[in-house]
Amino acid sequence: MSSPTTTRDSFHSRLGFILAAAGSAIGLGNIWGFPTQAANNGGGAFLFVYLIVTILLAVPALYAEVYIGNQAQKNPVSALMQACGHRFKKTGRNAGIIGLVGAMMMLSFYTIVAGWMLAHALSALFELFGIIDIANWLSTSSTLRNIIFTPIFIVLGAFIIHQGVHAGIERWSGRLMPVLLLMLIGLVIYILQQDGAQEGVALYLIPDFNQVLEPKLIISAMGQAFFSLSIGVGGMMVYGSYMKKGQDIGKLVLSIAALDTFIAFLAGLLIIPALFVAQHAGQEVFSEGNLIGEGQLIFQILPSLFASMGSVGLIVSFSFFTLLSIAALTSTISSTEVPVSYLVEDRNINRKHATWLVSAMVLIASMILIAFFDLLFGLVIQLLTTILQPLMSLFYFIVVGWVWQRGNQLTDIAQLQQDRKLKAFGFYLRYFCPILLIIVFINVAF
Ligand code: PHE
């Protein structure tokens, strides 16, 4: 049990929370996951459904998650336990543990992909110095490369996390994100001027409405939206708990969601036209009617884009993949914080030990994924994003809407404060969100 002597670390300001939460949200999900999924699911139709799901379900779920953490001021396992009240204490605890498992699942594959980003950044550097053999090896996927770069990334993350919330997370998050944003915008402007780009823009921006009701597309878009906003594994809950009570969570959540979605949108506007530019230049992007190598898509497309820029391209490539590695780092920090905060507060393990313990577990899990890559990699991603994260969100809706203090927490507060907007939102969270989520699930299952 948590010792009363533990003082909790916390963000020193609202901005601290915004930077950390945006750092968690913006990551490989935006720049690797979103464009890959959009390209594989009809472009515009995917974007359309993604935006709708984000507004209708993901933003409210993010609100609920941050809200639970903020009210409880505890780690996700204890927070959910408290939110579920005496009667459903066990259920709350179990849900907290499931979230924790989700965070570990996320870390197990995310660190592998982040390792790819590191390898590509280094590859550009080696090429810049004319060491072509090593550059080529670094930019070609292999098991050995995974075995080397995944641990490097995990250790890097652990170093930052064990410094603690304030020193570690607040300082790192957000500083470099504006640079990433500017770079994305620059790249989009560049690609849109190349031959063939228009076809990609049309595919991306004009939805084919025949596809928007396809269950597979809807569930993929929903999974991607939950993943991109870091919902359902407790990362945002733990950040909410490090923020002082009494903030306008609605506003915070909306601004984080808007920024995250804008970056995903830009990444799509870069990659999908780039795909057509590459095709126009004679590169093979489809094989047997399907897009080339699922998770490898951006690594096939971006290098040829950078190469088309001449020698400047190497510097652009290095900067871009370095920024992506950093974006990945700030995302893994929030997931790692979930088990670490639990171990520190509920198991009385000191922060340093907890961090290294969790990192060691992540390392083992990721090595298992590497060993059985074809079998496990896609499966873990799918289980996490299309089942665990949406189910946890459903749980949050039910907790905030129904269980907490045996009534609707949000409408109770609203009544106290006479806030009609909040009251309407409480109603929406209580009825509409869970029902809509269940409908999506039923639609997919049958
Ligand atoms: N949202 C992060 C991204 O888009 C991934 C993430 C998922 C981070 C779950 C924390 C928790 O890359």
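Look a little higher up for the structure.
Scope of this entry: the structure provided in the associated data block. Predicted model only: the values in this text are computed from it and were never measured.

Calculation criteria
- Residues numbered from 1 in each chain as written.
- Predicted model: local features only at pLDDT ≥ 70, side-chain atom pairs only at ≥ 80, totals over all residues.
- Heavy atoms only, no water.
- Helix = DSSP H or I, 4+ residues; strand = E, 2+ residues; numbered from the N terminus.
- Rg over C-alpha atoms; globule rule 2.2 N^0.38 Å.
- Buried < 20%, exposed > 50% of the residue type's maximum accessible area, 1.4 Å probe, protein only.
- Contact = heavy atoms within 4.5 Å.
- Areas by Shrake-Rupley, 256 points an atom, 1.4 Å probe, with all protein chains shown as cover.
- Lys, Arg positive; Asp, Glu negative; His and termini not counted.
- Charge placed at Lys NZ, Arg CZ, Asp CG, Glu CD.
- Polar contact = N/O pair within 3.5 Å; in protein donor to acceptor, adjacent residues only side chain to side chain.
- Phe/Tyr/Trp six-rings, centres within 6.5 Å; stacked < 30°, edge-to-face > 60°.
- Near = heavy atom within 4 Å.
- Nonpolar A, V, L, I, M, F, W, Y, C, P; charged D, E, K, R; others polar.

Let us now look at the overall build of the protein. Helix and strand content of the protein: 19 helices and 2 strands. Taking 2.2 N^0.38 as the reference for a compact globule, 446 residues should give roughly 22 Å; the C-alpha atoms of the protein span a radius of gyration of 22 Å, in line with that estimate. The proportion of buried residues among the 446 residues of the protein is 56%. Across the protein, the fraction of contacts at a sequence separation of at least 24, relative to all contacts at a separation of at least 6, is 83%. Carbon together with sulfur atoms contributes 66% to the accessible area of the protein, which is approximately 18,800 Å² in total. Looking at charge distribution, the protein has the averaged site of its 22 positive side-chain charges lying 20 Å from that of its 20 negative ones.

Before going further, it helps to examine the side chain of E345. Tracing the sequence through the fold places E345 in helix α15 (residues 312-346). Given the relative accessible area of 10%, E345 is considered buried. At a separation of 3.0 Å, a polar atom in the side chain of E345 contacts the main-chain amide nitrogen of N75.

With that settled, the discussion passes to the packing of aromatic side chains. The tally for this structure, following the rule as stated, stands at 29 aromatic pairs. Between F109 and Y110 the ring centres are 6.4 Å apart and the planes differ by 65°, which places this aromatic pair in the edge-to-face class. Each member of the pair F109 and Y110 is classed as buried. Note on F373 and F377: the rings are 4.5 Å apart at their centroids and 15° apart in plane angle, and the pair reads as stacked. One end of the pair, F373, and the other, F377, are both in helix α17 (residues 373-403), 4 residues apart, so they sit about a helical turn from each other. Members of the aromatic cluster, connected to one another through ring pairs, are W32, F109, Y110, W116, F227, F299, F306, F320, F321, F373 and F377.

With that settled, the discussion passes to the side chain of S241. Topologically, S241 is positioned in helix α12 (residues 235-241). On the basis of relative accessibility, which here comes to 1%, the residue S241 falls in the buried class. Reaching out from S241, the side chain makes a polar contact with the backbone oxygen of V238 at a distance of 2.7 Å. Beyond its immediate sequence surroundings of up to four residues, S241 is in contact with R8, G69, N70, Q73 and K74.

A separate point is the environment of I272. Here I272 shows up in helix α13 (residues 249-280). On the basis of relative accessible area, I272 is assigned to the buried category, the value being 1%. As for I272 and I298, which are separated by 26 residues in sequence, their C-alpha atoms are 9.6 Å apart.

Near the ligand, the surroundings consist of 15 residues, among which A25, G29, Y110, F227 and S230 are the closest. Here a nitrogen atom of the ligand and a side-chain polar atom of S230 are 2.9 Å apart. In isolation the ligand has 320 Å² of accessible area, and contact with the protein removes 100% of it. Put simply, the parts of the chain that give the shell around the ligand at least two residues each are α1 (14-25), α2 (28-40), α5 (89-128), α11 (215-228) and α15. Class assignment for the residues of the shell around the ligand results in 6 nonpolar, 9 polar and no charged.

Looking now at unusual backbone geometry. Phi at Q73 takes a positive value of approximately 55°, unusual for a residue other than glycine. Residue placement: Q73 occurs in the loop between α3 (44-72) and α4 (76-83). Judged by relative accessible area, which is 25%, Q73 ranks as partly exposed. Its identity is not glycine, yet S230 carries a phi of approximately 60°, on the positive side. Here S230 lies in the loop between α11 and α12.

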